[in-house]
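Topology and contacts: notes
Listed below, chain by chain, are the residues.
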Amino acid sequence: MKNKLQKLASVARNIAFSTKLAYRSAPTLLIVSSIVFMVVSVIPYLPLFIWKNVVNEVVAKFSGTSEKTVGYVLTLVIFYVLSLLLQCAVKQINSIVTTRYDAEIKYHIDNFCVEKMAKIKYSYYDDPVFADKMSYANRIMYDILDVSTVLKNVLYSLTQLVISGIILGRFALWIIPIILVLCIPRYMIKLKMSDEDRKFEQKYEKSERKRDYYYGLFFGAERLEIMLYGIKDFFLGKYNREWKNRNDAYDKKNLKQLGLQILSSLVVTVSDIIFYIRLAYSALKRLIGVGDITYYVSILSSFTTASIDIVDSVITLNDISENLDYIRDVLTLDSTNESGGKERVSGDEICIEFEDVSFRYHCSERDVLRHCSFKITDKEKIGIVGENGTGKSTILKLLLRLYEPTSGRILLNGKNIAEYDLGEYRKVYGAMFQESVDYSMSARENIIISDLEKAACENNDDCVNEAARRSRLGEIISAWEGGLDTQLTKRFDENGRELSGGQWKRFGLARTYYKDSKEILLDEPSASLDPVCEHEIFTEFTEVSNDKGAVMITHRIFNLIDMHRILVLSDGRIAEDGSHRELMNKGGIYANMFRLQADKYV
Amino acid sequence: MKSKILKLHSKAGLKNLLGNIFTYFSVMFFAVFFTYKTVQGEMLPGTLVLYIGLMISMQEQVRRTLVNNIAEEMSYYVPHILSFKSFLESDNDLADDGKLEFPDAPEITFSHVSFRYPGNDAYVLNDVSFTIKSGMCVALVGLNGAGKSTLIKLIMRIYEPESGEILINGRNIKEYSLRSLRSAFGVCFQQISQYSVSLSESVSIGDVSRPTDEAKVKEALNTVNLSELDAMLDKQLTKRFEEDGIELSGGQWQRLALARAFYGDHKMLILDEPTSALDPIAEDMVFKSFRRLCDGHGGIMISHHLSGVMSVDYIMVLEGGRLIESGSHEELLKLNGHYAMLYNIQAEKFKKGMAEDEK
């Protein structure tokens, strides 16, 4: 019982949530569409009522018992057809208003979600469990919209129920409780089936994701390998197995439900049969006219339909409510801007300090960083090296406050970085990560998005060209007909340019250089570049970072010789810390790595 | 934009309404006519009820199916059907009509091969000729966009040359069965696919001609220094479907892709930038494994990391789609051309680094 109440409360909360959202998004449209909808639910009774009179009058006239004129009967017929036309027109107006209302709500839900996703903590993004949750929430987002549709249906059915109930009640009040009581077994059967359906969906949710995944492989970059390894059947087999398992279970479930379904329909027809017998009896006794028979049959069917619809709507609402719980879960995840202080970064000098920092990713059992302590003074250039998976990139992510240290502190100019206003704090850094980000926009936009404030203040392309030149893109871009206005990728523009991995990398660099930051953070800037390009970019990097601080991660250690200091990470700890010469003299991990390569050249 | 949509809706709605008025008026005409007849005693009331009911339901059906939906739905679905049809009619992969089995000791010859990507004017490969003797370990070197990856794709017949011929042991590559050709190579591409399958499947899809051999999977993992994963062969990769799935680092993924190429009995190895995400120690190990596995088989490797390149038998330098230099490391250094330039850029830095060390 307590469970049931809790559930009821959660359904109510979800209804309130989506109604509030709908009202905030489109107040006028919501009101207009509700009014139109009310009219739609009342109007069908008009032609029904007129029709009853038409038939009664025609029969009376035919048997010669009527005193009304022929003109009166014909006028009734005209009004009957006109009322049908009116009903049809109102329905059409309703469909226009509803389509428009749906579009408006979708527009607002999308905006609402994008705002939320942009603010959500970064750590949620690379946690697979949350990623799943978010993708599922994204898929069912429009269920918010369905709530108002279902609510409208309930409203519609309630109106029908009251009107037809009144008309029916005046003829035979006793039938109403019979119909309502007969709805109870239907409700229970339907509820059981819907529970089974939901359980089925949940059980095969993963199977569906698997199918999407295997199917998507044939349309993605994996195509090449599928072709070469001849592994089409390997993935297609997995895909087909998922379908087969699901379909077998689906058939089994449906077969089981078929009996219940027929039973639930049969139950409702019992009241129909009783009522028809009663009608025929009254008509034979001449208590009612012929027109009344068709009239009451229609009224009865609309009453029964309305009560069934209410039952079904309640079940649907129950279903949707479960999904809405999910959506609200995601929407209430922590936002980044909720944490952090208000301090601003003051002074020109930048001094960064890691104080005994340890870090462990959410859901992981292993510390990626263990008790790391080091200091970066103003305008100091630092290289970070280490084997794969030793936590190099994590240091940059912690520095950018994408994550918070599990223990220990990170200080900027002596203050914990958590005390700074996040937006202000991030302005200190220009960062480029390992995975290059490719935007389907113009070349200019691809560069300036790192600092739109700066771009808005400028009326020429000098800085953009400068950034392009420094990242060795100048010649490439000027060779294009459209110059900086050239669209990148062919996604939206047939004349768009498709770039190589190395070229995208250079756009990432140009972005980093364009932003006026005091500290540059680079993660593997040269991974797919040829030796000439790599050399040029590192030469330029030394120049650009002359008046800035820089932290660079790279496996290409010969590029780090001129760095002020090199940090060597091993197993999450700072194993070595010093200049190239110091580390070489030490003869540790760094010297080992360096000699391993250098011996081949020298 | 929004008001435009609304206008469009209203316009369509108005048209519908006009159509309805027209049909309802014709219904009205007949309804009045039949009612008049009935009242005059020429028709039975039951017939009248039947006629009017039929007329109304008929006009509704006609309007719904013929006028509105079919026209609207056709205009919506026909373009979809057409584009799907053209998708089905698009060219298939090359027909596998070659008869020859790929030889155990292949000698690959390019004879004046030129190639352009469909829809592009610029040649990616331009009049390239060379021979790779059987069992030879070859490296392709050159700037980004020089045509190295394309050359590999031509060997594996993902594309066909625009002009010129590719010969295997003197016979045109087209005479070999496509299946036998492609399964002859153990390949690792630049772009690494991270499959959400089990670890052992992820390695064994490198050779699906035989059932998975666990010992060989372990051996391949060992070759790329991933033996720490030996105990997890049945675990799923990534947490996409399983909460206890294994997540790998970028370097581990790259080594796994290499293990796939090393798994199974391939006649030749082809590696495209196999070490871009690897640290110097892992890189050295990969180059050594490549050299070792190439012995007796032969292989082709693309790399910007010249430290790994210098140990191969034969280096080919591509620039702007042309083969400009080829020979052993020593020969090319003596030639003092493009390769020597690339090499010196890297060597200078190491020399500087070592010199500082000695100071």
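None of these values were measured; they are calculated from a predicted model.

Glancing now at the overall build of chain A. Along its length, chain A carries 22 helices and ten strands. A compact globule built from 602 residues would reach a C-alpha radius of gyration of about 25 Å, whereas chain A, at 36 Å, exceeds it by more than 25%. Expressed along its principal axes, the backbone C-alpha trace of chain A runs to roughly 120 × 55 × 55 Å. Looking at chain A as a whole, 32% of its 602 residues are labelled buried. For chain A, restricting intrachain contacts to residue pairs at least 6 apart in sequence, the fraction spanning at least 24 positions comes to 76%.

Now for the pairing of strand β4 (residues 407-412) of chain A. Residue and element names in this part refer to chain A. Direction of pairing for strand β1 (residues 352-359) relative to β4: antiparallel, over a ladder of five bridges. The partner of S358 across the bridge, within β4, is S407. The pairing of β4 with strand β5 (residues 415-416) spans two bridges and is antiparallel. Among the inter-strand pairings, L411 is bridged to a residue of β5, identified as N416. As consecutive antiparallel partners, β4 and β5 are separated by two residues, and within that stretch N413 has a phi angle of approximately 50°, a positive value.

Residues and elements named next belong to chain A. For the pair helix α3 (residues 45-62) and helix α4 (residues 70-119), the least separation of the axes is 9 Å and the interaxial angle reads 160°. By the angle class used here, α3 and α4 are roughly antiparallel. Considering only the axes of α3 and α4, their crossing is left-handed. Together, L46, P47, I50, W51, N53, V54, E57, V58 and K61 of α3 and V73, L76, V77, F79, Y80, S83, L84 and Q87 of α4 make up the contact between the two elements. Classifying every residue of the contact of α3 with α4 by side-chain character gives twelve nonpolar, three polar and two charged.

Attention shifts here to the sheet that holds strand β8 (residues 299-302) of chain B. Hydrogen bonds between backbone groups are what pair the strands of a sheet, and the pairing can be parallel or antiparallel. Residue and element names in this part refer to chain B. Strand order across the open sheet formed by six strands is β6-β7-β8-β3-β9-β10, with mixed pairing between neighbours. Every interior strand has two partners, whereas the edge strands, β6 (185-188) and β10 (322-327), have only one. Taking the axes of each pair of neighbouring strands and ignoring which way they run, one obtains an average angle of 15° across the sheet. Where strand β3 (residues 137-141) meets strand β9 (residues 314-319), four bridges bridge the pair, whose relative direction is parallel. Paired with L140 across the bridge in β9 is M316.

With that settled, the discussion passes to the interface of chain A and chain B. Each partner contributes to the interface: chain A provides 67 residues, whereas chain B provides 73 residues. Sorting the residues of the side of chain A that touches chain B by element identifies α3, α4, α6 (128-139), α9 (205-217), α10 (223-229), α20 (531-544), α21 (580-586) and α22 (589-601) of chain A as the ones contributing at least two each. At 15 residues, α4 of chain A tops the list of elements feeding residues into the side of chain A that touches chain B. Among the residues forming the side of chain A that touches chain B, the class breakdown is 42 nonpolar, 14 polar and eleven charged.

Residue and element names in this part refer to chain B. Strand order in the open sheet formed by four strands is β2-β1-β4-β5, with antiparallel pairing between adjacent strands. Looking at the sheet topology across the chains shown, the edges are occupied by β2 (125-132) and β5 (171-172). Here strand β1 (residues 108-115) pairs with β2 via five bridges, running antiparallel. Residue V113 lies in a different strand from β2, and its bridge partner there is V128.

All right, on to the nonpolar core then. Note that soluble globular proteins tend to have their nonpolar side chains buried in a common cluster. Counting 75 residues, the largest nonpolar core has A259 and I315 of chain B as the members making the most contacts within it. In terms of residue count, the dominant contributor to this core is helix α7 (residues 250-262) of chain B (six residues). Leave out the neighbours within four places in its chain, and I315 of chain B touches A139, V141, V309, S326, G327, S328, H329, L332 and Y339 of chain B. Core analysis: the second largest hydrophobic core is formed by 67 residues, A467, I477, Y513 and I537 of chain A among them.

Partitioning chain B into structural domains gives domain 1 (2-89) and domain 2 (108-358). For domain 1 of chain B versus domain 2 of chain B, the separation of C-alpha centres amounts to 66 Å.

This brings us to unusual backbone geometry. Residue and element names in this part refer to chain A. In this structure, H371 is a non-glycine residue whose phi angle is positive, near 45°. With respect to the helices and strands, H371 occurs in strand β2 (residues 369-376). Note on H371: 15 C-beta atoms within 10 Å, which makes it partly exposed. A positive phi angle, close to 50°, is found at N413, a residue other than glycine.

Procedures and definitions
Throughout this description, residue numbers start from 1 for each chain and increase along the sequence as written. Here chains are named by letter from A upward and ligands by number from 1 upward, in the order in which they appear as written. Two thresholds apply to this predicted model, a pLDDT of at least 70 for residue-level local features and 80 or more for giving and counting side-chain atom pairs, whereas whole-chain, interface and lining totals are computed over all residues. Secondary structure elements are defined from DSSP: runs of H or I of at least 4 residues count as helices, runs of E of at least 2 residues count as strands, and each element is numbered from the N terminus. Restricting the calculation to C-alpha atoms gives the radius of gyration, and the globule rule supplies 2.2 Å times the number of residues raised to the power 0.38. For every residue, the other C-beta atoms within 10 Å of its own C-beta are counted; 20 or more classify it as buried, 12 or fewer as exposed, and values in between as partly exposed. C-beta atoms are placed from the backbone. Residues are scored as being in contact if the C-beta atoms we place from backbone atoms lie within 7 Å. The rule for pairing is simple: two strands pair if DSSP sees at least two bridges between them. Axis definition: a line fit to C-alpha positions, over the contact stretch in the case of helices; interaxial angles, taken between N-to-C directions, run 0 to 180 degrees. Every angle not falling under 35 degrees, over 145, or within 65 to 115 is termed oblique; those three ranges are roughly parallel, roughly antiparallel and roughly perpendicular. Handedness of a helix crossing follows the sense of rotation of the near helix relative to the far helix, less than a right angle counterclockwise being left-handed and clockwise being right-handed. Three residue categories are used. Nonpolar comprises Ala, Val, Leu, Ile, Met, Phe, Trp, Tyr, Cys and Pro, charged comprises Asp, Glu, Lys and Arg, and polar comprises the others, including Gly. To define a nonpolar core, we join buried Ala, Val, Leu, Ile, Met, Phe, Trp, Tyr and Cys residues through C-beta atoms within 7 Å and take the resulting set. Start and end points for every domain follow an automatic or database-based domain assignment.

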